[in-house]
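Here are the chains, one letter per residue:
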Amino acid sequence: MRTVVFNWLFARQHGGQFILRIEDTDRTRYKPQTVKTIMEGMRWLGLDWDEGPSLEELQRSGVEDAARYAVGGAYGPYIQSERVELYRQVAQQLLDKGLAYRCNCTPERLEQVRAEQRANKLPIMYDRHCRDLPPDAISPDETHVIRLKIPLTGQTVVHDQIKGDVIFDNAGLDDQVLLKSDGFPTYHLAVVVDDHMMQITHVIRGDDWIPSTPKRILIYAALGWELPVYCHVPLVTMPGGKKLAKRAGATSVTEFRAQGYLPEALFNFLALLGWSPGEGDEQEIFTRAELVERFDLFRVNKGPAAFSYDKLDWINGVHIRNLSTDDLMERLIPFWQQAGFVPTPCPDDLRPMLRKIVPLIQERLKHLTDVAELTDFFFTYLEPSAESLIGKKMDAQQSLTVLERARSLLAACSADFTHEEIEPALRGLVEELGLKAGQVFGVIRAATTGKDVSPPLFGTLSALGQDRALERLDKAIWQMRNCELIKN
RNA sequence: GCCCCCAUCGUCUAGCCUGGUCUAGGACACAGGCCUUUCAAGCCUGCGACACGGGUUCAAAUCCCGUUGGGGGUACCA
């Protein structure tokens, strides 16, 4: 997915077209659900595409909500399974030119060849058994594949924008299968045909593709087509260890949403994985627009980068703090709903309270999901523990006095119950009792929130509302008195 | 096995191309402090790296070679 972000940034930055193509030539693995997940993930991250599968294509492929993702374009179809005839024609063309050949070796024979090569510590590749058979030795009607005739000598150079020139001896390249026995093309054939037909200028992908790039360059050569610009970016590894994220990356984007990450934060983080502004510029937080302007594909590092949740969490927190109150509230509502604190749809008369809560927790959120445990006490009554109602270096009687005085002072406030009137009242209480602010506020916090840790007290009380604040103080006072009775 | 890629603090990185200004800069994380009604946020300080070995050079993190280490490829997968 990080590589997709690089592709998108590069296209947007240069005013190019960003095209989404579905490569589904492996029929044994194809699942319509995956297509939807990828598109949904890209939409969420803000990676919009200028050309992509049309409504009809998506429907034929069994993708749900096809209308939501349909884009279309002049170079379609954009789903490879819809283009098989094209690949067959190109394969036939190569056959006719004598640059490819039919091969009917069985999987068993191929495996046997490989086993022998392994045993003799030889390079593992097809032994070219069928390469020099007479053209009519294998009938088009029998089960077979079509392989490319790789030149036996010479070198093929990949001119890569990040790695530089990478040179391969043709002798070490396998006679790549172009068309499988089920009639579908391999990735190698399909991507070359499509990139050419769709006029793709830049191929930006993971550097795990480097070793097979010469094979594709030779397909271009066999067809007499012009090469695109290659740009192989390093892979992203998993946090602790160094295992490759494999293909899990693209499909898990929606999981980041569920975990409470902002799309702009994930985007920011992903762009920084392998790229940095450099030249003494140490900016780390970027908006999407800034990245489109500043990103430089050719400055991307050569080495792999490890995914770090610590850094992502920090970036997410920064972006959360940068949101407006209303924006953050709207993004938080689904998470409140999921926690069961807010009904679906959100009632209008609940919004004023939510709007007062948001600023109280904004700088405390690392993930949107954190909102549940940070604000649970606003929605349900949590009974404070007996110990928490007694302040630091205070006895039960003093604590009870704090609660009783606080109750009467807060009862004297207006129904607006604003932060501005609560604060002087309670600060006055601190003075009146000759205690420390932390002692007094701690007791009131425990009584009204049921927690030792809460958002700032005055704002919290105001958001809670006068009725519920007084009610909770009353309960705490009862609790304290009962406790005293039992003791006596 | 064979082929390819990569190598700066624990992590992401600046610096490398155009050797000296690098006693290697920043960020995350971590530790301590300040602020403070708790928790955060913010601010300050600390900890912490040029994988190793050879060259080239007056001078190398920067250029060259090798070693080691890590990753990838080696499919009728992408």
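Everything below is about the structure shown above.
Just so it is clear, the model here is predicted, and its values are computed rather than measured. (Residues numbered from 1 in each chain as written. Chains lettered and ligands numbered in written order. Predicted model: local features only at pLDDT ≥ 70, side-chain atom pairs only at ≥ 80, totals over all residues. Heavy atoms only, no water.)

K.L.:
Mind showing me how you'd approach the packing of aromatic side chains here?
P.N.:
Any two aromatic rings considered together are summarised by their centre-to-centre distance and by the angle between their planes. Under the definition given, this model contains 15 aromatic pairs. For the ring pair F256 and Y309, a centre distance of 6.3 Å and an interplane angle of 25° mean the geometry is stacked. Residue F256 is located in helix α10 (residues 253–258), and its partner Y309 is located in helix α13 (residues 309–321); the two are separated by 53 residues in the primary sequence. Residue classification places F256 among the buried positions, given a relative accessible area of 10%. Ring centres of F307 and Y309 lie 5.0 Å apart, and the angle between their planes is 65°; on these two criteria the pair is classed as edge-to-face. Cluster of aromatic residues (ring-pair linked, three or more members): F256, Y261, F269, F307 and Y309. In this structure, R27 packs its charged tip against the face of Y30, placed 4.7 Å from the ring centre. In this structure, R43 is placed above the aromatic ring of W49, and the distance from its NZ or CZ to the ring centre is 4.9 Å. (Phe/Tyr/Trp six-rings, centres within 6.5 Å; stacked < 30°, edge-to-face > 60°. Helix = DSSP H or I, 4+ residues; strand = E, 2+ residues; numbered from the N terminus. Buried < 20%, exposed > 50% of the residue type's maximum accessible area, 1.4 Å probe, protein only. Lys NZ or Arg CZ within 6 Å of the ring centre and 35° of its normal.)

K.L.:
Quick question: what am I supposed to make of the pattern of salt bridges here?
P.N.:
Side chains carrying opposite charge are able to pair once their charged atoms draw close together. All chains considered together, the criterion is met by 32 salt bridges. Between E284 and K311 there is a salt bridge; the shortest N-O distance is 3.4 Å. Note that E284 is positioned in the loop between α11 (263–272) and α12 (288–294) and K311 in helix α13, a separation of 27 residues in sequence. The class of K311 is partly exposed, set by a relative accessible area of 34%. One salt bridge in this structure joins R481 and E404, with 2.4 Å as the shortest N-O distance. (Salt bridge = Lys/Arg side-chain N within 4 Å of Asp/Glu carboxyl O.)

K.L.:
What's the story with the packing of helix α17 (residues 396–411) against helix α19 (residues 437–449) in this structure? I'm lost.
P.N.:
Geometry of a packed helix pair, given as the angle between the helix axes and the separation of the axes. Running from amino to carboxyl end, α17 crosses α19 at an angle of 75°, the nearest separation of the two axes being 10 Å. By the angle between their axes, α17 is roughly perpendicular relative to α19. Taken together, the residues of α19 that come into contact with α17 (itself represented by S399, V402, L403 and A406) are V440, V443, I444 and A447. When its residues are assigned to classes, the contact of α17 with α19 shows 7 nonpolar, 1 polar and no charged. (Axes fitted to C-alpha atoms, helices over the stretch in contact; angles between N-to-C directions. Parallel < 35°, antiparallel > 145°, perpendicular 65-115°, else oblique. Contact = heavy atoms within 4.5 Å. Nonpolar A, V, L, I, M, F, W, Y, C, P; charged D, E, K, R; others polar.)

K.L.:
I tried to follow helix α1 (residues 2–13) on my own but got confused; where do I start?
P.N.:
Each α-helix winds once per 3.6 residues, and so residues spaced three or four apart point in a common direction. Relative to the 16 Å expected for 12 residues at 1.5 Å per residue, α1 spans 16 Å between its end C-alpha atoms, a close match to the ideal helical length. Of all 12 residues that make up α1, 9 are buried, and the element is covered over most of its length. When we look at burial in α1, the residues that qualify are R2, T3, V5, F6, N7, W8, L9, F10 and A11. Each element contacted by the buried residues of α1 is listed here: α2 (32–45), β6 (202–206), β7 (229–233), β8 (236–237), α11 and α12. One or two residues past the end of α1 sits G15, with phi positive at roughly 65°. (Expected span 1.5 Å × (residues − 1).)

K.L.:
For this particular structure, what's the right way to read the environment of I162?
P.N.:
Examined against the element boundaries, I162 turns out to sit in the loop between β3 (155–160) and β4 (164–169). Judged by its relative accessible area of 8%, I162 falls in the buried class. C-alpha of I162 to C-alpha of P151: the two residues are 11 residues apart in sequence and 27 Å apart in space. Once you skip the residues sitting within four places of it in the chain, I162 turns out to touch C231, H232, V233, L297, V300, N301 and K302.

K.L.:
Got a minute to help me understand the packing of helix α18 (residues 419–433) against helix α20 (residues 457–464) in this structure?
P.N.:
With their axes 9 Å apart at the nearest point, α18 and α20 run at an angle of 125° to one another. By the angle between their axes, α18 is oblique relative to α20. Crossing angle aside, the handedness with which α18 passes α20 is right-handed. On the side of α18, the interface is formed by H419, I422, E423, L426 and R427, while α20 contributes L457, F458, G459, L461 and S462. (Left-handed = near helix turned anticlockwise from the far one by under 90°.)

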